[in-house]
There are 2 protein chains.
Amino acid sequence: MMDVPLNGWLLFDHAETHFSDVEVVTANADGTVHRCTYGDVTRRSRQLMRVLDALGLANDATVATLAWNSYRHLEAYFGVPLSGRVLHTLNLRLSSDELGYIISHAGDAAILVDSDLLPLLQEVHALGGLETVKHVIVFGDELPDVELPGLASYEQLLAEQPATYPRTEIDEQAPFGICYTSGTTGRSKGVQYTHRSTVLHALTISTGAGFSIGPSDCVLPVVPMFHANAWGVPHAATMLGAKQVLFAGSLDVGRLVDLMIDEDVTVSTGVPTIWLEVADEFARRGVVPPSLRHVVSGGAQPPRSLIEKFRSFGVPLLQAWGMTETGPLASVAWPKHHMRSYDEDRLVSEAACQAGLPLPCVDVTVRADDGQSDLAWDGQAMGPLLVRGPWVIDSYLHGDGGDRFDDGWFATGDVAVGSPNGYFRIADRTKDLIKSGGEWISSVDMEAALMGMSEVLEAAVVAIPDAKWQERPLACVVVREGASVTLDQIHERLSAAGFARWQLPQEFERLEVIPRTSVGKFDKKLLRAQFTSEGSAQ
Amino acid sequence: MMDVPLNGWLLFDHAETHFSDVEVVTANADGTVHRCTYGDVTRRSRQLMRVLDALGLANDATVATLAWNSYRHLEAYFGVPLSGRVLHTLNLRLSSDELGYIISHAGDAAILVDSDLLPLLQEVHALGGLETVKHVIVFGDELPDVELPGLASYEQLLAEQPATYPRTEIDEQAPFGICYTSGTTGRSKGVQYTHRSTVLHALTISTGAGFSIGPSDCVLPVVPMFHANAWGVPHAATMLGAKQVLFAGSLDVGRLVDLMIDEDVTVSTGVPTIWLEVADEFARRGVVPPSLRHVVSGGAQPPRSLIEKFRSFGVPLLQAWGMTETGPLASVAWPKHHMRSYDEDRLVSEAACQAGLPLPCVDVTVRADDGQSDLAWDGQAMGPLLVRGPWVIDSYLHGDGGDRFDDGWFATGDVAVGSPNGYFRIADRTKDLIKSGGEWISSVDMEAALMGMSEVLEAAVVAIPDAKWQERPLACVVVREGASVTLDQIHERLSAAGFARWQLPQEFERLEVIPRTSVGKFDKKLLRAQFTSEGSAQ
């Protein structure tokens, strides 16, 4: 067989040669829509490759983006790595201090930035966080009047370059991109993807075991391109010639649903909180986007009621699981063929409510507490989840976090339960488990039960210290507008969901909103800190 | 990223761990149905690995199969390569002389054989074709009373072995399997797949650019497992945990359609002649299998009328293109997303009637006659089709056929036309083009037009020598039962389809059936020989 390296050119070339007529649509933050094609994107990507050469950046330099989802960000997704350099997508929700640390740690030589994020970059600069950065390139035609190193306009630089660039030979083990992942303690750590891992991930997420997408699809990743490469959707869609709709700026659910309808979106990906809002919007309008085949939900456990609601729309919400460290996609909860004969309740319990079936090439195992033996997949035993595969990291950038690697496996920090039917579910993050009276309580399970209450919009459960029990669960609840909820109702619901008396929370906090981390997950660290200190102050 | 080799264990392990409850159904030639699961198949594959070790076969020995599609054949698909050995699938439609040549050329040390094919193997033996073969293992419980080297019963051998076998380290560049492809002249040539090419092919054909299959599917490959690995479907389905239905023995269209309905088949793959029969059967019954999502047609150009008929059933017939030398799958004609707005006629012309869009990672190019420059994709220019990719061969086994490789590309022997929209179509096999009056006539285009006539069941067009014109087309036509057709009608039809007066055949032959090659394609070599000699005898 031919010795063809699995590098980014394999993703890029088809878009240029066979899909130059396919659209890439960007919904700008200002409400306008930008339309272009893969013909435009690939031409401009080649111009960008030339720009990076012309700026004199080292052949293996790290080039960052600080940007929303857009066609320009997509150009950087290919222009940077295909020039042999490494793309570092910065999370624009991080603090300027953390951003500065990450930029220096990765050694970013240039940053491509959306103009509305310049104030953030100026803060980073003021803190001394741009010491490695020689070039700040602003996505746009104009050059704002700010003090930043090597400031230049993206469009002006592109206009000076021809759209020709030779297909370079890139080893498949060469780095493609870097994402940092925020830990629960300490600084963020860098995950470096290779060309090989990126191509294999793109292929696998496009299968019927992944997102099931092809040239006939229009995909809308409601996941930031700065977070784990928007789950790899931009790579896969470009490779396949699927139409892409990119949503720039903060989310507006009405506009999102408009886009799904207007652009004939077939597959969309996002976190459960997005799908909660989208489900409400579908219900409010009484309309489901007609071509939407399925949506994929990842990043946290979606409530069962949400899964059921999407099924009632005729649009399955497929649960997916993964981490920045695992490609990110590692599993999707597709029902098996024979489950067609199951009744709705059984199908939802045994498949849809699971974290999924591991993707092809990805191995998962649930370890016993001894760290040596594997637990049986009996639907009961709960233990640390370990993962292995061609798009799973074997070390963090510059050797950080070495304790996460164990004999060829990556310790995810999740606690999981494997079922006899081959599916697994995430019981909790190790750090979020509540140890009460010597037994474990799963915060995820309790949240799912609470979010199944019609009165509850969102719920987060955290451990608070307890003199007698060691830890006790505290339920933090956002009540729906106009509704109310009592501790008795909460106890009733949790008992019905199978929680024992000793597991029930003794109190609950009513919040206006659950605080979120930079990637949109519940910020339990903040909740614990808040209610622990309040508690101790009492 | 972890250094995980892309080898067959990645395809096999999930079936064992996560899909042990999923069925593998074999429709036996005697009308019975055998049902088992991936749990059974993987357990027995491990027993087979032990058998091969116990027989003392070299670690890298070549082990052949001479068998119909069945669960046992599937066990060999994994048991042989995962033990480090090389699987050689023998084409049971070849002559005993050719089989003997191939077995010796590949150096097969053992052959797994269906009992009904023993007479064929005895013929090979009588011709001295089993010189390298030490073990003939008969798929079944009993040992027939025949004279063959090292005769043993598969079931008896398996029963002696435990179902444990360690996951061996196999380099991804190691050979996985061999298929021979029959040339138009001379002996068959061997194509050797690697573990890497097999895994990459399995991933890619499972994407929405390929067959679009996943764990929710039930696949029925109506393609022999001895021919180009049944297009890779058994590898992919096992990897994905899709239910598999394997049809053993010669085709019975009524039984095939029964199976599609009874087993809830979602995706099926086969050659156009199968789909012609299936379409008639659907029409006769007035029933289309309710879960059938699409069928894939490869191996030859399907007539437009067939594509239209399947569309009218609500089951798209997707044209695919490839060769044993290209994985085999290299392209599928999925419509692009924006083609949803096209009217039916335009969609069928611009997408469905094309050989397709190249799969991710596969590059195709249409060369000019000079062999140097590439032709423009203008929908007009016709030239040799060349292919490149990680599952395309760079040499035949033992260095045969070296003239097919050109500067990193494989010369397919097909003549193609690329369109501005990125699709390409096969105009002809180079050797089947008709050169008349200094111009080329595409036999494929003429056949498609003829098969669009309601009176015509099948048509093959070949060149016959002509003193004045150099070559002239001869139309060989199978007329539908009860119908008739005249030369005038044929001229009328071809003129309507755009053929010029000088291109029209001056005569046609009415045949009972078009002769087929060992892999079910029209045997034009035989037709040319037949009508050329008859012509010269007149």
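Residues numbered from 1 in each chain as written. Chains lettered and ligands numbered in written order. Predicted model: local features only at pLDDT ≥ 70, side-chain atom pairs only at ≥ 80, totals over all residues. Heavy atoms only, no water.

Colleague: Help me understand the confidence of the model for chain A in this model?
Modeller: The predicted coordinates of low-pLDDT regions are not to be read in fine detail. For chain A, per-residue confidence averages 93 on the pLDDT scale, and residues scoring 70 or more make up 98% of the total. For this predicted complex, the interface confidence reaches an ipTM of 0.91, while the overall pTM sits at 0.91. (pLDDT = per-residue confidence, 0-100.)

Colleague: Where do I start with the packing of aromatic side chains in this structure?
Modeller: Centre-to-centre distance and the angle between the planes together describe a pair of aromatic rings. Enumeration according to the criterion identifies 24 aromatic pairs over all chains in this entry. On the basis of an interplanar angle of 75° and a centroid distance of 5.5 Å, the ring pair of Phe282(A) and Phe313(A) is categorised as edge-to-face. You can see Phe282(A) sitting in helix 10 (residues 272-285) and its partner Phe313(A) sitting in the loop between helix 11 (304-312) and strand 14 (317-322), a full 31 residues away along the chain. Aromatic ring contacts, followed pair by pair, group Trp275(A), Phe282(A), Phe310(A) and Phe313(A) into a single cluster. Above the ring of Tyr342(A), the side-chain terminus of Arg346(A) is found at 3.7 Å from the ring centroid. A cation sits over an aromatic face here: Lys189(B) above Tyr396(B), 5.0 Å from the ring centre. (Phe/Tyr/Trp six-rings, centres within 6.5 Å; stacked < 30°, edge-to-face > 60°. Helix = DSSP H or I, 4+ residues; strand = E, 2+ residues; numbered from the N terminus. Lys NZ or Arg CZ within 6 Å of the ring centre and 35° of its normal.)

Colleague: What should I look at first to understand the relation of the copies chain A and chain B in this one?
Modeller: Superposition of the two copies of the chain requires a rotation about an axis and a shift along the axis. Its rotation angle being 180°, the transformation that places chain A on chain B also includes 0.0 Å of axial translation and leaves an RMSD of 0.1 Å. With respect to symmetry, the two chain copies, as superposed, fit the operation of a two-fold axis. No C-alpha of chain A lies nearer the rotation axis than that of Thr207(A), which sits 1.8 Å from it. The overlap is high: 100% of the interface residues of chain A also sit at the interface in chain B, so the same surface is used on both sides. (Least-squares fit on C-alpha atoms with pLDDT ≥ 70 in both. Contact = heavy atoms within 4.5 Å.)

Colleague: Even after reading the chapter, I still don't get the pairing of strand 15 (residues 329-332) of chain A, so can you show me in this structure?
Modeller: The two faces of the sheet receive side chains in turn, since in a regular strand these alternate between them. Residues and elements named next belong to chain A. Here strand 14 runs beside strand 15; their pairing, made up of three bridges, is antiparallel. Counted as the bridge partner of Ala 320 is Val 332 from strand 15. Adjacent in sequence and paired antiparallel, strand 14 and strand 15 are bridged by six residues, among which Gly 327 carries a positive phi angle near 110°. (Pairing = 2+ DSSP bridges.)

Colleague: Any chance you could explain the state of the cysteines here in plain terms?
Modeller: Residues and elements named next belong to chain B. Counted according to the given criterion, the structure contains zero disulfides over all chains. Not engaged in a disulfide, the cysteine Cys 218 finds its nearest cysteine sulfur in Cys 36; these two sulfurs lie 13 Å apart. Residue classification places Cys 218 among the buried residues on the basis of a relative accessible area of 0%. (Disulfide = S-S within 2.5 Å. Buried < 20%, exposed > 50% of the residue type's maximum accessible area, 1.4 Å probe, protein only.)

Colleague: Would you mind showing me how to read the interface of chain A and chain B here?
Modeller: Reports often express the size of an interface as the amount of accessible area lost when the parts come together. Contact residues are listed per partner, giving 72 residues for chain A and 72 residues for chain B. A combined buried area of about 5,300 Å² lies between chain A and chain B, and 60% of that area is made up of carbon and sulfur atoms. For the chain A face of the interface with chain B, the top three residues by lost area are Met1(A), Met2(A) and His337(A), together amounting to 18%. Between chain A and chain B we count six salt bridges in total. The shortest N-O distance in the salt bridge between Glu172(B) and Arg196(A) comes to 2.8 Å. Where chain A packs against chain B, one counts 31 residue pairs in polar contact (both at pLDDT 80 or more). (Buried area = accessible area lost by both parts, 1.4 Å probe. Salt bridge = Lys/Arg side-chain N within 4 Å of Asp/Glu carboxyl O. Polar contact = N/O pair within 3.5 Å; in protein donor to acceptor, adjacent residues only side chain to side chain.)

Colleague: Mind showing me how you'd approach the nonpolar core here?
Modeller: Within soluble globular proteins, side chains that are nonpolar tend to cluster in buried spots. Of all hydrophobic cores here, the largest spans 258 residues; its most connected members are Trp275(A), Phe310(A), Trp275(B) and Phe310(B). Beyond its immediate chain neighbours, meaning those up to four positions away, Trp275(A) contacts Val222(A), Met260(A), Ser268(A), Thr269(A), Gly270(A), Val295(A), Val296(A), Ser297(A), Leu306(A), Phe310(A) and Leu317(A). (Core = buried A, V, L, I, M, F, W, Y, C linked by side-chain atoms within 4.5 Å.)

Colleague: Would you take a moment to explain unusual backbone geometry for this structure?
Modeller: The phi torsion of most residues other than glycine is negative, and most of the peptide bonds are trans. Following Gly327(A), the chain continues into Pro328(A) via a peptide bond in cis, with omega recorded as 15°. Tracing the backbone through its elements, the reader meets Pro328(A) in the loop between strand 14 and strand 15. Backbone geometry at Ala230(B) places phi at a positive 50°, although glycine is not the residue there. Here Ala230(B) is to be found in the loop between strand 10 (218-221) and helix 8 (233-240).

Colleague: Hey, could you run me through the sheet that holds strand 6 (residues 135-139) of chain A in this one?
Modeller: Paired through backbone hydrogen bonds, the strands of a sheet run either parallel or antiparallel to each other. Residues and elements named next belong to chain A. Taken together, seven strands build an open sheet; the order of strands is 7-6-5-3-4-8-9 and the sheet is mixed. Of all the strands in the sheet, the pair left with one neighbour each is strand 7 (151-153) and strand 9 (189-194). The sheet shows a mean angle of 25° between the axes of neighbouring strands, direction not considered. Taken together, the three bridges between strand 4 (residues 86-89) and strand 8 (residues 175-181) define a ladder with parallel strand orientation. Among the inter-strand pairings, Thr 89 is bridged to a residue of strand 8, identified as Cys 179. Across the sheet, helix 7 (residues 195-205) is in contact with strand 8 and strand 9; its angle to strand 9 comes to roughly 75°. (Axes fitted to C-alpha atoms, helices over the stretch in contact; angles between N-to-C directions.)

Colleague: Any chance you could explain helix 2 (residues 38-54) of chain A here in plain terms?
Modeller: Because the α-helix completes a turn every 3.6 residues, residues three or four places apart line up on one side. Residue and element names in this part refer to chain A. In this model helix 2 runs 24 Å from its N-terminal to its C-terminal C-alpha over 17 residues, within 8% of the 24 Å that 1.5 Å per residue would give. For helix 2, a buried count of twelve out of 17 residues is recorded, marking the element as mostly surrounded by other parts of the structure. By the burial criterion, the buried members of helix 2 are Tyr 38, Gly 39, Val 41, Thr 42, Arg 44, Ser 45, Arg 46, Gln 47, Leu 48, Met 49, Val 51 and Leu 52. One side-chain oxygen of the residue at the start of helix 2 lies 3.2 Å from the amide nitrogen of Gly 39, identifying that residue as Thr 37. Immediately beyond the C-terminal end of helix 2, within one or two residues, lies Gly 56, with a positive phi of roughly 80°. (Expected span 1.5 Å × (residues − 1).)

Colleague: Explain the side chain of Ser268(B) here, please?
Modeller: Checked against the element boundaries, Ser268(B) lands in strand 12 (residues 267-270). Separated by 2.7 Å, the side chain of Ser268(B) and the backbone oxygen of Leu220(B) make a polar contact.

Colleague: Mind showing me how you'd approach the pairing of strand 2 (residues 33-37) of chain B here?
Modeller: All names here are of chain B. As paired strands, strand 1 (residues 23-27) and strand 2 are joined by five bridges and run antiparallel to one another. Considered in strand 2, the bridge of Glu 23 is made with Thr 37. In this structure, the hairpin formed by strand 1 and strand 2 is closed by a connection of five residues, where Gly 31 is found at a positive phi of approximately 95°.

Colleague: Would you mind showing me how to read the pattern of salt bridges here?
Modeller: Pairing between side chains becomes possible if they bear opposite charge and their charged atoms approach one another. Tallied over the entire structure, the rule returns 72 salt bridges over all chains. Between Asp13(B) and Arg46(B) there is a salt bridge; the shortest N-O distance is 3.8 Å. Taken together, the residues span a long stretch of sequence, with Asp13(B) in helix 1 (residues 9-17) and Arg46(B) in helix 2 (residues 38-54) at a distance of 33 residues. There is no split in this pair, since Asp13(B) and Arg46(B) are both buried. Connected via shared salt-bridge partners are Asp13(A), Glu16(A), Arg46(A), Arg167(A), Asp363(B) and Arg388(B).

Colleague: What's the story with the environment of Phe211(B) in this structure? I'm lost.
Modeller: Residue and element names in this part refer to chain B. Structurally, Phe 211 can be placed in the loop between helix 7 (195-205) and strand 10. Sequence separation between Phe 211 and Thr 269 is 58 residues; the distance between their C-alpha atoms is 8.6 Å. Among all residues touching Phe 211, those that are not within four sequence positions of it are Ile 205, Trp 231, Val 233, Val 267, Thr 269, His 294, Val 296, Leu 329 and Trp 334.

Colleague: Help me understand the packing of helix 11 (residues 304-312) of chain B against helix 12 (residues 344-352) of chain B in this model?
Modeller: When two helices pack together, you describe them by how their axes are tilted relative to each other and by the distance separating the axes. All names here are of chain B. Taken N-terminus to C-terminus, the directions of helix 11 and helix 12 make an angle of 120°; their axes are 11 Å apart at the nearest point. Considered as vectors, helix 11 and helix 12 are oriented oblique to each other. The handedness of the crossing between helix 11 and helix 12 is right-handed. Of the residues in helix 12, those in contact with Arg 304, Ile 307, Glu 308 and Arg 311 of helix 11 are Glu 344, Asp 345, Leu 347, Val 348, Ser 349 and Ala 352. (Parallel < 35°, antiparallel > 145°, perpendicular 65-115°, else oblique. Left-handed = near helix turned anticlockwise from the far one by under 90°.)

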